[in-house]
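Working through the structure, step by step
Each chain is listed here by its residues.
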Amino acid sequence: QVQLVESGGGLVQPGGSLRLSCAASGNIASVNTMGWYRQAPGKERELVAGITRGGFINYANSVKGRSTISRDNGENTVTLQMNSLKPEDTAVYYCYAQLFGSRYPDAWGQGTQVTVSS
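In what follows, the accompanying structure is described.

Conventions used here
Residues numbered from 1 in each chain as written. Predicted model: local features only at pLDDT ≥ 70, side-chain atom pairs only at ≥ 80, totals over all residues. Heavy atoms only, no water. Salt bridge = Lys/Arg side-chain N within 4 Å of Asp/Glu carboxyl O. Helix = DSSP H or I, 4+ residues; strand = E, 2+ residues; numbered from the N terminus. Buried < 20%, exposed > 50% of the residue type's maximum accessible area, 1.4 Å probe, protein only. Contact = heavy atoms within 4.5 Å. Disulfide = S-S within 2.5 Å. Pairing = 2+ DSSP bridges. Axes fitted to C-alpha atoms, helices over the stretch in contact; angles between N-to-C directions. Phe/Tyr/Trp six-rings, centres within 6.5 Å; stacked < 30°, edge-to-face > 60°.

Oppositely charged side chains can pair when the atoms bearing their charge come close. Following the criterion strictly, the structure yields 3 salt bridges and no others. In this structure, the salt-bridge partner of Glu46 is Arg38, at a minimum N-O distance of 2.7 Å. Here Arg38 makes a salt bridge to Asp89, at a shortest N to O gap of 2.9 Å. On the criterion of sequence distance, the pair formed by Arg38 in strand β4 (residues 31–39) and Asp89 in the loop between β8 (77–82) and β9 (91–99) is long-range, its members being 51 residues apart. Side by side, Arg38 and Asp89 carry an identical accessibility label, which is buried.

On to the environment of Ile51. Residue position: Ile51 is located in strand β5 (residues 46–51). According to the relative accessible area criterion, Ile51 is buried, its value standing at 6%. A sequence separation of 27 residues divides Ile51 from Val78, and the C-alpha atoms of the two residues are 8.4 Å apart. Discounting chain neighbours no more than four positions away, the residues touching Ile51 are Asn32, Thr33, Met34, Phe56, Ile57, Ile69, Ser70, Arg71 and Val78.

Considering all chains together, one arrives at 1 disulfide under this definition. Put simply, Cys22 and Cys95 are joined by a disulfide, and their sulfur atoms are 2.0 Å apart. Negative torsions about the S-S bond denote left-handed disulfides, and the value of about -85° found for Cys22 with Cys95 makes this one left-handed. One end of the pair, Cys22, is in strand β3 (residues 18–26); the other, Cys95, is in strand β9, and 73 residues separate them in sequence.

Strand order in this open sheet of 4 strands is β1-β3-β8-β7, and the pairing throughout is antiparallel. Lying at the two open borders of the sheet, with one neighbouring strand each, are β1 (2–7) and β7 (67–72). Taking the axes of each pair of neighbouring strands and ignoring which way they run, one obtains an average angle of 15° across the sheet. Two elements, β7 and β8, share 6 bridges in a ladder whose sense is antiparallel. Bridge assignment links Asp72 to a residue of β8, and that residue is Thr77.

Despite not being glycine, Asn76 shows a phi value in the positive range, around 55°. With respect to the secondary-structure elements, Asn76 resides in the loop between β7 and β8. You will see that Ser84, though not glycine, has its phi angle at about 50°, which is positive. Relative to the helices and strands, Ser84 resides in the loop between β8 and β9.

Moving on, we get to the packing of aromatic side chains. A complete count under the given rule lists 4 aromatic pairs for this structure. Arranged with centres 5.1 Å apart and planes meeting at 80°, the rings of Tyr37 and Tyr96 form a pair that is edge-to-face. Residue Tyr37 is located in strand β4, and its partner Tyr96 is located in strand β9; the two are separated by 59 residues in the primary sequence. By relative accessible area, which is 18% here, Tyr37 ends up buried. Judged by relative accessible area, Tyr96 falls into the buried class, the value being 4%. Taking the centre distance of 6.4 Å and the plane angle of 85° together, the rings of Tyr94 and Trp108 count as edge-to-face. Of the two residues, Tyr94 sits in strand β9 while Trp108 sits in strand β10 (residues 107–108), which places them 14 residues apart along the sequence. In this structure Tyr94 comes out as buried when scored by relative accessible area, which is 15%. Given the relative accessible area of 35%, Trp108 is considered partly exposed.

Pasting the structure below:
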């Protein structure tokens, strides 16, 4: 099993920046992709960004150009830097881990609230 612990999040003004971090523990060797999903009230959970162990990165169109995901395989952490935040970025952000050979996320963090408001 893989356990994920998130940090970061909070209230930020439109146009501001935020940094989310996620630390993984447990069966780390089986993890290929790590990243972030988000879920806004009344909406489905959607992928924000993911990064494979080999460094392949995928961003949602809604955050592309405003966000940077990075990963430290030695420290088993993944970080999402979000800039130029908009009110529509308001959501609960969930860290996820996907195992080698798996088609869907296998582990989730507890979620962290990001609110973009003046």
